[in-house]
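Fold and geometry: a report
In case you want the letters, here they are:
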Amino acid sequence: MGHNFKITKELTDIIVKIGFDSMEFCRLYDIESPKSAKRLFACNEEIVLGTSRFIGSENTKSMFENVEAHLHSVETALEVYNGLNLPFDNKKEMIAALYALHHNLLQLCQLIGKSYYTDS
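Residues numbered from 1 in each chain as written. Predicted model: local features only at pLDDT ≥ 70, side-chain atom pairs only at ≥ 80, totals over all residues. Heavy atoms only, no water.

1. Focus: helix H3 (residues 60-83)
An ideal rise of 1.5 Å per residue puts 34 Å on 24 residues; H3 measures up with 34 Å between its terminal C-alpha atoms. Considered for burial, the residues of H3 that qualify are Thr60, Ser62, Met63, Phe64, Val67, His70, Leu71, Ser73, Val74, Ala77, Leu78 and Tyr81. One side-chain oxygen of the residue at the start of H3 lies 3.2 Å from the amide nitrogen of Lys61, identifying that residue as Asn59. (Helix = DSSP H or I, 4+ residues; strand = E, 2+ residues; numbered from the N terminus. Expected span 1.5 Å × (residues − 1). Buried < 20%, exposed > 50% of the residue type's maximum accessible area, 1.4 Å probe, protein only. Polar contact = N/O pair within 3.5 Å; in protein donor to acceptor, adjacent residues only side chain to side chain.)

In structure tokens, the structure reads:
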């Protein structure tokens, strides 16, 4: 993150939660099984890469945009998983991990948005 970005405890706590949520989703995603349907979902790759994109942001504006992009990829994945009428291993757990990630990304967006609009 850039040198002009203000790091607060609240911001750090949410980023840590997002990291854990992302890792849990990745762990579930990487479980191989004969019933795995993960190859169907290109949206999963965006989720896997999303956290590293916003962590590497240079300034508040860039971080806000990267978090919003990550949030959008999570929303897309939720639509796919919730709308898919195929049973496969870990489906419920993956959806739960996506909801947790979505919740924490929304919180981070709100925090960064406050900072972005008050610093401008």
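2. With respect to helix H1 (residues 9-30)
One turn of the α-helix equals 3.6 residues, which is why residues spaced by three or four share an orientation. In this model H1 runs 31 Å from its N-terminal to its C-terminal C-alpha over 22 residues, within 8% of the 32 Å that 1.5 Å per residue would give. Within the span of H1, buried status applies to Leu11, Ile14, Ile15, Ile18, Asp21, Ser22, Phe25, Cys26, Leu28 and Tyr29. End-on view of H1: buried residues confined to an arc of 165°, all on one side of the axis. Residues of H1 that are exposed and point over 90 degrees away from its buried face: Lys9, Phe20 and Met23. (Arc of directions from axis to C-beta.)

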